[in-house]
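A structural walkthrough
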Amino acid sequence: MLKINKLSFNDFLTDIMRYNELVAPVKTDESRFEVIKDISRIQMDLHTYFPAKKFFFKKQQTLYAAENNRFTVPEMVTDKKQRVMIGLKRCDLNSIKRQDMMFMKETTDPYYAEERERTILIGHHCNQPFDDYCFCSSMDLGDFYDLMLYDKDDAYLVEIGSEKGRNFVDRYRKYFWDTDLFLRAEDRRIETKLQLNKRDISPYYYSPDWKKGVDICFSCAACVTLCPSCYCFDLHEEIDAKLCKSEMKRNWDSCQLHCFTKVAGGHIFRETREDRFKHRIYHQIQYFKDRHGMSLCTGCGRCIRGCPTRINFIQILNEMKEQT
Ligand code: SF4
Ligand code: SF4
């Protein structure tokens, strides 16, 4: 087993910053992942309010531009620095795995792939759930990281999860020490108070209990924007007033918005707020699992924490199931 002594951790980070872009959790108005210029701002324990997904799946991406009948595709910058992203929690890492499945499995999205390929993922295991909205321990999360750090007194124990992680350790070998310490099952575990009852949700689609959430939902889309796993986008063309120039842009989109399912002719497939509300939850918990063998949701709790009316969809589902 390898360890990094906490006393040399800041030297390690400073060394990383010399040749790489370092991204880590910091507290600003809200907690988020940021490119680090000053390592004293890093808070490894933070479970960030905003997810890390914007570093891979950009909020907005120009796909091509047109000017006077000439089309250009923005050039990919191939000599960007390697990025080291540190402090990701197990839910964050599993959400990146799900986004990889969407953007790099069947068809490769070059913009996403470029960002993923230049990034080393270094996780930090939570010993305790961040708050009462976390429910990751009921979501069957797997090991997905290049390196994983576990707090152990005056050191971090290190697990290597990939070839990329092993090469990284070789590169910074002077900070990694062999140790007789080892990880027990309980060091890897995390127990959240909130737990999803695993019973199949298909029979509950018409339950009147959905009203507990639907009646206080604003369709504001905060839940989807904060979700580290959600991957929907919209294509939108911006044209200048003289109709000479245009840019095709890809923007994050949300199934909670009324116009999300609008098609030519004006028909909207999920017209009611109830349809949209239920769709998000069924997609997170069931539809994605039916297709890919794992739920899209990783139990991070961000959609509950960030909802203006704190709709706790896990509590709603559990109560529905307990009544039958
Ligand atoms: S954040 Fe809450 S209120 Fe807003 S769309 Fe999501 S569930 Fe509805
Ligand atoms: S659905 Fe909610 S709890 Fe699940 S991954 Fe998305 S934000 Fe986190």
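Above: the structure in question.
Described in the following lines is the structure provided in the data block.

How each quantity is defined
The numbering scheme is per chain: residues are counted from 1 as the chain's sequence reads. Labels are handed out in written order, letters beginning with A for the chains and numbers beginning with 1 for the ligands. Thresholds applied to this predicted model are a pLDDT of at least 70 for local features of residues and 80 or more for the giving and counting of side-chain atom pairs; totals over whole chains, interfaces and linings are not thresholded and use all residues. By convention in this description, side-chain values take in all heavy atoms of the structure and omit both hydrogens and water. Just to be clear on terms, a salt bridge is a Lys or Arg side-chain nitrogen sitting within 4 Å of an Asp or Glu carboxyl oxygen. Runs of E in the DSSP output that reach at least two residues are strands. Runs of H or I that reach at least four are helices, and both are numbered from the N terminus. Should DSSP find at least two bridges between two strands, the strands are regarded as paired. Proximity criterion: a residue is near a molecule or strand once any of its heavy atoms comes within 4 Å of it. Here the nonpolar group is Ala, Val, Leu, Ile, Met, Phe, Trp, Tyr, Cys and Pro; Asp, Glu, Lys and Arg are the charged ones; every other residue, Gly included, is treated as polar. Aromatic pairs are defined between Phe, Tyr and Trp rings, using the six-membered ring for Trp, whenever the two ring centres lie within 6.5 Å; interplanar angles under 30 degrees are classed as stacked, those over 60 as edge-to-face, and all others as tilted. Throughout this description, buried means an accessible area under 20% of the type-specific maximum (1.4 Å probe, protein chains only), exposed means over 50%, and partly exposed covers the range between. Only Lys NZ and Arg CZ are tested; either one counts as a charge over a ring when it is within 6 Å of the ring centre and within 35 degrees of the ring normal.

1. Concerning the pattern of salt bridges
A full pass over the atoms with the stated rule returns 29 salt bridges. For Asp29, the salt bridge goes to Arg32, with nearest N and O atoms at 2.7 Å. Of the charged contacts, one joins Arg305 and Asp131 as a salt bridge, the two residues approaching to 2.6 Å between their closest N and O atoms. Of this pair, Arg305 sits in helix α9 (residues 302–305) while Asp131 sits in the loop between β7 (119–124) and β8 (147–152), placing them 174 residues apart in sequence.

2. Regarding the sheet that holds β7
Spatially, β3-β2-β6-β7-β8-β9-β1-β10 is the arrangement adopted by the eight strands of the open sheet, whose pairing is mixed. Every other strand in the sheet has two partners, leaving β3 (31–35) and β10 (177–178) as the edge strands with one partner each. Bridge count for strand β6 (residues 83–88) against β7 is five bridges, and the pairing is parallel. Looking at the pairing, Leu88 lines up with Gly123 of β7.

3. A short note on the site of ligand 2
In the region of ligand 2, the neighbouring residues are Phe135, Cys227, Pro228, Gln284, Cys297, Thr298, Gly299, Cys300, Gly301, Arg302 and Cys303. Here the residues of the shell around ligand 2 sort into six nonpolar, four polar and one charged.

4. Details of the packing of aromatic side chains
With the rule as written, the count across this model stands at 21 aromatic pairs. Where Trp210 meets Tyr282, the ring centres are 5.8 Å apart and the plane angle is 40°; that geometry is what we call tilted. Within this pair, whereas Trp210 is found in the loop between α5 (185–188) and α6 (211–214), its partner Tyr282 is found in helix α8 (residues 273–292), the two being separated by 72 residues in sequence. The burial state of Trp210 is the same as that of Tyr282; both residues are buried. Put simply, the rings of Phe9, Phe12, Tyr156, Phe168, Tyr172, Tyr175 and Phe176 pair up and form one aromatic cluster. One Lys or Arg, Lys278, reaches over the ring of Tyr205 and ends 4.1 Å from the middle of that ring.

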